[in-house]
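Chains, contacts and geometry: an overview
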Amino acid sequence: MPVKKEVRKEVNTAEFGRKYYDIVDVFSQKLMSQIVELKNDSQLSDEVMVKLSNVVMQESTSFKDWGFDQLVKVVKK
């Protein structure tokens, strides 16, 4: 039985990171759009909308950093 050789392609970490951040940014913007629609549909107060928006932005930033670190660990194995 032939032995399979593992071929590893070199990963451009900077390009990989930019693409990952773009994906998370699109997801964050979709969430923000949903918040705006929710405000229009349910008469959310401006204060509640600002708080929701801040939570989405803070969590997205945190998620980007943590997620990227996790992906880089896998790629470098």
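Above this text is the structure in question.
Residues numbered from 1 in each chain as written. Predicted model: local features only at pLDDT ≥ 70, side-chain atom pairs only at ≥ 80, totals over all residues. Heavy atoms only, no water.

**Focus on the packing of helix α1 (residues 13-42) against helix α2 (residues 46-76)**
Taken N-terminus to C-terminus, the directions of α1 and α2 make an angle of 160°; their axes are 10 Å apart at the nearest point. As the angle between them shows, α1 and α2 are arranged roughly antiparallel. Like other packed secondary-structure pairs, α1 and α2 cross with a definite hand, here right-handed. (Axes fitted to C-alpha atoms, helices over the stretch in contact; angles between N-to-C directions. Helix = DSSP H or I, 4+ residues; strand = E, 2+ residues; numbered from the N terminus. Parallel < 35°, antiparallel > 145°, perpendicular 65-115°, else oblique. Left-handed = near helix turned anticlockwise from the far one by under 90°.)

**Looking at the pattern of salt bridges**
For the coordinates displayed, the defined rule picks out two salt bridges. Across the pair Lys 64 and Asp 25 runs a salt bridge, and its minimum N-O distance is 2.7 Å. Of this pair, Lys 64 sits in helix α2 while Asp 25 sits in helix α1, and the two are 39 residues apart along the sequence. Judged by its relative accessible area of 13%, Lys 64 is buried. Residue classification places Asp 25 among the partly exposed positions, given a relative accessible area of 33%. One salt bridge connects Glu 47 with Lys 51, and the closest N-O pair in it is separated by 3.4 Å. With Glu 47 and Lys 51 both in helix α2, this residue pair falls four residues apart, about one helical turn. Classification of Glu 47 by relative accessible area gives exposed; the value is 54%. Residue Lys 51 is classed as exposed on the basis of its relative accessible area, which comes to 52%. (Salt bridge = Lys/Arg side-chain N within 4 Å of Asp/Glu carboxyl O. Buried < 20%, exposed > 50% of the residue type's maximum accessible area, 1.4 Å probe, protein only.)

**A word on α2**
Taking 1.5 Å as the rise per residue, α2 with 31 residues should run 45 Å; its terminal C-alpha atoms sit 45 Å apart, in good agreement. Taken residue by residue, α2 has Met 49, Ser 53, Val 56, Ser 60, Lys 64, Gly 67, Phe 68 and Val 72 as its buried positions. (Expected span 1.5 Å × (residues − 1).)

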